[in-house]
Amino acid sequence: PDTILKNGLNNRYRVLEVSVIQRNGSDPEKHLTITASQSLEDTELCILRNGWESVPVVPGDIIHLEGECSSGTWIINEQSGYLVLYPDLLLSGTTVSNSIRCMRQAVLSERFRGFESGSRQTLIGTILHEIFQQSVTNNLAQEKVEELANKIVYGQNYLKEMYHLNLKQTEIMQEVEEYLPSFFKWAEDFM
């Protein structure tokens with residue numbers, strides 16, 4: 001369904017055009033041509049400054065604006081106003097805080113919320129993710145990665161989920177070991 005565009009208190013604007021303006025000696029600004037009209041005719045201008053120009057907005061995006069609009073121009077900067085990109089996407093505080101550690105995991109957790117009961121594939125993927133992340137973060141040698149994999153699989157963190165899925169640690173370890181050579185190859189190529 002199309003997003004309902006409107007101005008006012010709960011506004012929703014469609015971004016029609018984005019341009020970056022760099023004037024002599026000044027910081028760059030991002031100028032957005034926006035509309036709240038379904039016919040895309042009546043346009044307004046939104047100027048992003050002082051860090052707000054880094055918002056990755058592109059034509060077609062839906063935004064919500066807070067602040068003051070004067071003569072059809074919104075100014076969003078460090079002193080006034082703000083822009084909400086994808087205002088109809090609700091993320092929990094937990095998802096946002098989890099993204100600090102690993103953005104991919106936060107996105108996937110949000111995307112597959114409701115599939116909480118888990119599966120063998122989800123469990124193995126989570127374990128592999130943890131092994132990979134710790135290996136890369138700590139720049140571990142091959143034998144240390146194997147020790148880490150054993151420590152994680154035979155540790156307490158995933159025991160409850162393995163029990164719930166009626167899986168044995170030895171089964172999980174066997175499957176994890178199948179992935180380790182690709183970890184080592186990746187480390188050899190990119191580290």
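Going by the structure above, here's the rest.
If you're wondering where the values come from, they're calculated on a predicted model, not measured in any experiment.

**What about the packing of aromatic side chains?**
Here is step 1 of the chain: On inspection of all chains with the given rule, the structure shows three aromatic pairs.
Here is step 2 of the chain: Measuring from centroid to centroid gives 5.2 Å for F132 and F183, while their planes differ by 65°, and the two rings are edge-to-face. You can see F132 sitting in helix α3 (residues 120-137) and its partner F183 sitting in helix α6 (residues 169-190), a full 51 residues away along the chain.
Here is step 3 of the chain: Its relative accessible area of 25% is what places F132 among the partly exposed residues.

**Looking at the packing of α3 against α6**
Here is step 1 of the chain: Running from N to C, α3 and α6 cross one another at 40°; their axes reach a closest spacing of 10 Å. The orientation of α3 relative to α6 falls into the category oblique. α6 is crossed by α3, and the crossing has right-handed handedness. Seen from α3, the contacting residues are R120, L123, I124, I127, L128, I131, F132 and V136; seen from α6, they are E171, I172, E175, V176, Y179, L180, F183 and W186.
Here is step 2 of the chain: For the contact of α3 with α6, a count of residues per class yields 13 nonpolar, no polar and three charged.

**Some thoughts on the sheet that holds strand β3 (residues 43-48)**
Here is step 1 of the chain: With respect to topology, seven strands assemble into an open sheet ordered β5-β6-β3-β2-β1-β4-β7, the strand pairing being mixed. Bordering the open sheet on either side are β5 (69-70) and β7 (82-85), each of which pairs with just one other strand.
Here is step 2 of the chain: By the bridge criterion, two bridges tie strand β1 (residues 13-21) to strand β4 (residues 62-66) in an arrangement that is antiparallel. Looking at β4, one finds that Y13 is bridged to I63.

**Some details on the nonpolar core**
Here is step 1 of the chain: The biggest cluster of nonpolar side chains holds 19 residues, and the ones touching the most others in it are I127, I131, M162, I172, V176 and L180.
Here is step 2 of the chain: Mapped onto this core, the elements with two or more residues apiece are α3, α4 (142-153) and α6.
Here is step 3 of the chain: Considering each element in turn, this core owes the most residues, six residues, to α6.
Here is step 4 of the chain: Those residues in contact with I131, other than ones at most four positions away along the chain, are V145, L148, A149, I152, V176, L180 and F183.
Here is step 5 of the chain: Grouped together as the second largest cluster of nonpolar side chains are 14 residues, L48, L65, W74 and L83 included.

**What to know about unusual backbone geometry**
Excluding glycine, a negative phi dihedral is what most residues carry, and trans is how most peptide bonds are arranged.
Here is step 1 of the chain: The backbone phi angle of S71 is positive, close to 55°, even though this residue is not glycine.
Here is step 2 of the chain: Residue classification places S71 among the exposed residues on the basis of a relative accessible area of 77%.
Here is step 3 of the chain: Positive phi outside glycine occurs at Y86, with the angle close to 55°.
Here is step 4 of the chain: Given the relative accessible area of 42%, Y86 is considered partly exposed.

**Quick look at the packing of α4 against α6**
Packed helix pairs are characterised by how far apart their axes lie and by the angle those axes make with each other.
Here is step 1 of the chain: Close contact between α4 and α6 brings their axes to 10 Å; oriented N to C, the two are set at 155°. Between α4 and α6, the crossing angle belongs to the class labelled roughly antiparallel. The interaxial crossing formed by α4 with α6 has right-handed handedness. Side by side, α4 and α6 meet where Q142, V145, E146, A149, N150 and V153 of the first sit next to Q169, I172, M173, V176, L180 and F184 of the second.
Here is step 2 of the chain: Taken together, the residues of the contact of α4 with α6 break down into eight nonpolar, three polar and one charged.

**What to know about α3**
Here is step 1 of the chain: End to end, α3 covers 26 Å across 18 residues, agreeing with the expected 26 Å (1.5 Å per residue, within 8%).
Here is step 2 of the chain: Looking at α3, one finds that the buried residues are L123, I124, I127, L128, I131 and S135. Considered in projection along α3, the buried side chains sweep an arc of 125° and stay on one side of the axis. Those residues of α3 that are exposed and aimed more than 90 degrees away from the buried face are Q121 and T137.
Here is step 3 of the chain: Looking at the packing, one finds that the buried side of α3 touches α4, α5 (159-164) and α6.
Here is step 4 of the chain: Among the residues trailing α3, N139 stands out with phi positive, at a value near 50°.

Parameters at a glance
- Residues numbered from 1 in each chain as written.
- Predicted model: local features only at pLDDT ≥ 70, side-chain atom pairs only at ≥ 80, totals over all residues.
- Heavy atoms only, no water.
- Phe/Tyr/Trp six-rings, centres within 6.5 Å; stacked < 30°, edge-to-face > 60°.
- Helix = DSSP H or I, 4+ residues; strand = E, 2+ residues; numbered from the N terminus.
- Buried < 20%, exposed > 50% of the residue type's maximum accessible area, 1.4 Å probe, protein only.
- Axes fitted to C-alpha atoms, helices over the stretch in contact; angles between N-to-C directions.
- Parallel < 35°, antiparallel > 145°, perpendicular 65-115°, else oblique.
- Left-handed = near helix turned anticlockwise from the far one by under 90°.
- Contact = heavy atoms within 4.5 Å.
- Nonpolar A, V, L, I, M, F, W, Y, C, P; charged D, E, K, R; others polar.
- Pairing = 2+ DSSP bridges.
- Core = buried A, V, L, I, M, F, W, Y, C linked by side-chain atoms within 4.5 Å.
- Expected span 1.5 Å × (residues − 1).
- Arc of directions from axis to C-beta.

Geometry only, nothing functional implied.
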